[in-house]
Amino acid sequence: MNSVEISHIVKTFGSLRAVDDVSFAVDKGEIFGLLGPNGAGKTTAIRVILDIFKPDSGEVVVLGGPMTEAKKDRIGYMPEDRGLYQDINLERCLIYLASLKGMDPAAARRQIGEYLERFDLAAYKHKKVKELSKGMQQKAQLITTLVHKPDLLIVDEPFSGLDPVNTQMVKDLLDEQRARGVTIIMSTHQMHQVEELCDRIVLIDHGKVMLYGNLEEIRRRFSGHAVLVRATGNLPTVPGIIQSEPHNSATRLMLSPTTSPQDVLRALVAQNVNIEQFEVALPTLDEIFIRVVQGEESET
Amino acid sequence: MKKFWRVIAYEYTRHVLRKRFIFAILSVPFFALFMIAIVVITFILETNTTPIGYVDHSGLLANPLPAPKPAAPDKPVPVQAFASEEEARSALQAGDLQAYYVLESDYLDTSRARLVYIHEPKRPAREQFTSFIAVNLLANYPPEIATRVIDGDKLIVRSPDGKREMSSSAWFSIMLPFVAGIAFFMAIFTSAGYIMQAVVEEKENRTMEIVVTSVSPNQLMMGKTLADIAIGLTQLLSWVLILVVPVWIARPYIPMLSTIAVPPESLLLILAVMLPTFVMLGGLMAAIGATVTESREGQQIVGLFTMPTWIPYFLIYPLMSAPNSPLAVVMSFIPFTSPLTLIIRSGFTVLPFWQIVLGVIILVVCAAGSLWLAGRAFRLGMLSYGKRLPFLDIFRRQVQA
């Protein structure tokens with residue numbers, strides 16, 4: 001069952017078509033990457049999912065139906081523009097925002113206390129939010145997003161402003177939520193985090209879907225018919241190789257259209273090459289992103 | 001619905017429990033008490049209780065009746081007789097007198113007396129000696145006539161329909177519209193200011209996007225608006241309690257306070273005019289809050305709307321002297337000037353019923369328009385963090401949410 005399903009949504013602002021016939025579905029319990037360059041339409045798509053914007057056309061299904069006020073309590077949202085009430089103390093701010101998610105204030109206080117301990121913020125709960133560092137506010141924002149135990153999490157750039165220790169903590173937290181069965185939509189520019197965390201992705205550019213599907217399948221699709229080989233000593237000449245270039249500690253071999261990776265492996269073994277590593281060369285998500293956005297590939 | 005009440009409770013307590021709000025509430029009665037204290041102290045300092053003397057050659061004060069007791073807060077100034085001017089002058093030079101009067105032998109014909117002093121005596125001494133003379137001049141008249149003459153004139157102005165009257169003793173009916181108008185306007189601007197701040201703060205703190213994914217924008221704005229109106233009313237009620245309750249308790253003991261009465265028609269007019277004004281200004285402030293990026297910028301724009309509302313106070317003299325002039329009537333129908341114009345005029349004339357009705361209808365229509373404007377501005381501007389929404393765009397752009 002899909003937690004989120006959007007079909008052919010279109011959203012325009014004046015003459016700008018911010019989202020143009022976008023469709024994708026997010027499975028229950030997966031971490032789904034919502035990717036795209038700046039201004040691609042990601043935030044607009046998120047706002048349409050959350051019913052902040054009404055689409056001009058298309059259909060949005062969230063947690064099994066259209067968005068309702070009651071469903072808002074089952075969603076945790078961390079927008080790119082982080083927001084907390086700056087002039088009140090941290091605990092009061094978190095309790096108020098949790099109470100707006102339907103939590104009983106006493107239960108919210110208890111739950112928030114636990115999160116504050118876990119996030120090393122307990123000592124700051126009586127401080128005004130504006131007195132906290134950016135990283136602390138980022139963690140407080142995460143508490144607001146998670147405290148009411150949502151079924152659907154939408155997080156926009158969850159790692160921005162965090163040091164490596166806190167980045168790891170957030171990654172662990174997202175993994176933990178996934179293990180709990182929470183569906184997570186994550187929008188970020190940090191592609192290595194997407195590679196590490198996401199099961200499936202959609203890449204939007206200029207309001208249109210450019211890539212959509214399982215991350216591994218997409219990488220294979222962009223593999224470009226090459227292999228990575230690392231061996232002791234120099235590689236011999238092998239038929240079917242049209243280009244060879246160093247790639248980190250290995251060599252990237254570009255194959256002719258009629259040559260398969262198995263042909264190359266067989267030829268290398270036949271020549272008694274001591275192979276330490278042999279793999280189909282998959283592009284990084286960074287490379288795919290750049291290629292798609294620069295127009296080398298597209299999927300409609 | 002629970003969330004709606006949580007928004008109200010949060011917004012209300014956030015402001016009301018702040019020190020600056022409590023200070024604002026207490027500052028007005030403290031300022032009033034301070035002004036009263038200044039007046040009383042001035043009166044007390046004005047009263048020099050050194051005796052005032054007289055030399056009577058006319059025989060009027062051969063067996064004088066004592067001077068009547070002065071009205072508070074003046075203190076009694078003793079009156080002392082001297083047989084000759086030399087004795088009086090010696091006492092004056094010795095500092096035993098502040099001044100002395102000489103009533104020549106023809107005083108009863110001329111009513112002219114001579115005042116001798118080194119430093120001119122202040123009002124209380126002069127007034128008390130005048131009362132002393134008046135009591136003795138009327139000594140042979142029946143007491144009721146003497147009392148009536150000493151009390152002086154009493155002018156009562158009645159409206160043609162006989163429903164209202166004004167006199168120097170019923171001064172509160174003239175003062176009420178002024179005082180109530182100022183108090184209401186201060187409460188309105190407090191609330192309206194908070195409404196604007198509430199919207200701007202959501203944008204400044206960038207919390208709008210989080211909050212509208214928890215409660216509906218309508219619930220959020222209605223909750224905030226009601227809380228901010230309640231804050232204004234709390235302020236107003238606090239002032240009423242702080243100022244009116246002591247006056248009410250002191251009424252039996254202070255005769256001046258017993259003349260205080262609140263005409264019900266004045267109260268009705270104030271409510272009829274101020275309630276739509278409350279909504280109109282609140283809506284406008286919310287609209288401003290939705291278009292600006294920070295509260296300081298909002299405060300500057302607020303001035304454009306608040307200044308016109310005070311114009312009637314600047315024109316108070318023409319409104320008092322000619323409350324039915326074309327200027328006064330026109331100002332009664334202009335939304336920003338009409339609230340105070342109608343209230344001020346009501347203190348000096350009987351307002352034609354149609355003018356009240358038309359003025360209130362215009363205010364109600366403007367209040368509705370201002371709510372519509374606030375709704376549009378809020379929907380268009382709520383997610384424009386750090387970006388100003390041009391006011392005209394509220395009318396031009398398509399509402400997004």
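Worth saying up front: this structure is predicted, and the values here are computed from it rather than measured. (Residues numbered from 1 in each chain as written. Chains lettered and ligands numbered in written order. Predicted model: local features only at pLDDT ≥ 70, side-chain atom pairs only at ≥ 80, totals over all residues.)

This part covers the overall build of chain A. A tally of regular secondary structure across chain A gives ten helices and 13 strands. Along the first, second and third principal axes, the C-alpha atoms of chain A reach 75 × 45 × 35 Å. By sequence separation, contacts in chain A at least 24 residues apart represent 70% of the contacts at least 6 residues apart. (Helix = DSSP H or I, 4+ residues; strand = E, 2+ residues; numbered from the N terminus. Contact = placed C-beta atoms within 7 Å.)

What follows concerns the sheet that holds strand β6 (residues 152-156) of chain A. Strand pairing in a sheet is mediated by backbone hydrogen bonds. Such pairs are either parallel or antiparallel. All names here are of chain A. Read from one edge of the open sheet, six strands run β5-β6-β7-β3-β8-β9, paired in mixed fashion. Whereas interior strands pair on both sides, the edge strands pair on one side only; in this sheet they are β5 (75-78) and β9 (208-214). Recorded for the sheet is a direction-independent mean angle of 15° between the axes of neighbouring strands. Pairing of strand β3 (residues 31-35) with strand β7 (residues 183-187), which is carried by four bridges, proceeds in the parallel orientation. Each residue of the ladder has a partner; that of Ile 31, found in β7, is Ile 184. Contacts between helix α6 (residues 164-179) and the sheet are confined to β3, β6 and β7, with β7 contributing the most and set at about 145° to the helix. Each of β3, β8 (200-205) and β9 touches helix α10 (residues 285-293); the most contacted strand, β8, lies at about 30° to it. (Pairing = 2+ DSSP bridges. Axes fitted to C-alpha atoms, helices over the stretch in contact; angles between N-to-C directions.)

On to the packing of helix α2 (residues 19-46) of chain B against helix α9 (residues 217-250) of chain B. All names here are of chain B. Close contact between α2 and α9 brings their axes to 9 Å; oriented N to C, the two are set at 35°. Like other packed secondary-structure pairs, α2 and α9 cross with a definite hand, here right-handed. Residues Ile 25, Val 28, Pro 29 and Ala 32 of α2 form the contact with α9, whose own contacting residues are Gln 235, Ser 238, Trp 239, Ile 242 and Leu 243. Among the residues forming the contact of α2 with α9, the class breakdown is seven nonpolar, two polar and no charged. (Left-handed = near helix turned anticlockwise from the far one by under 90°. Nonpolar A, V, L, I, M, F, W, Y, C, P; charged D, E, K, R; others polar.)

Listed by partner, the interface residues are 22 residues for chain A and 18 residues for chain B. Breaking the side of chain A that touches chain B down by element, the ones donating at least two residues are α2 (69-72), β5 and α3 (90-99) of chain A. For the side of chain A that touches chain B, the element with the highest residue contribution is α3 of chain A, accounting for three residues.

Once that is clear, we can look at the pairing of strand β13 (residues 275-280) of chain A. All names here are of chain A. In terms of residue burial, β13 counts as a barely covered element, since only zero of its six residues are buried. Alignment of strand β10 (residues 226-231) against β13, held across five bridges, turns out to be antiparallel. Paired with Ala 231 across the strands is Ile 275, a residue of β13. (Buried ≥ 20, exposed ≤ 12 C-beta atoms within 10 Å, placed from the backbone.)

Phi is positive for Asp 51 of chain A, which is not a glycine, with a value near 70°. Relative to the elements of secondary structure, Asp 51 of chain A occurs in the loop between α1 (42-49) and β4 (57-62). On the basis of neighbour count, Asp 51 of chain A is assigned to the buried category, with 21 C-beta atoms found within 10 Å. Even without glycine at this site, Ser 111 of chain B takes up a positive phi of about 60°.

Right, let's talk about the confidence of the model for chain B for a bit. All names here are of chain B. Of all residues in chain B, 89% have pLDDT values of 70 or greater, and the mean over the chain is 82. Confidence scores differ between elements of chain B, with helix α16 (residues 393-396) showing the lowest mean pLDDT of 65 and helix α13 (residues 326-331) the highest of 94. ipTM for the predicted complex: 0.77, alongside a pTM of 0.72. (pLDDT = per-residue confidence, 0-100.)

Attention now moves to the sheet that holds β10 of chain A. Residues and elements named next belong to chain A. Here four strands make up an open sheet; going across it, the order is β11-β12-β10-β13 and the pairing antiparallel. The open sheet has two edge strands, β11 (241-247) and β13, and neither has a second partner. Ignoring which end each strand starts from, the neighbouring axes of this sheet average 20° apart. As paired strands, β10 and strand β12 (residues 250-255) are joined by four bridges and run antiparallel to one another. Within β12, the position partnered with Ala 226 by the bridge is Met 254. Sheet contacts for helix α9 (residues 261-270): β10, β12 and β13; angle to β13, the most-contacted strand, approximately 170°.

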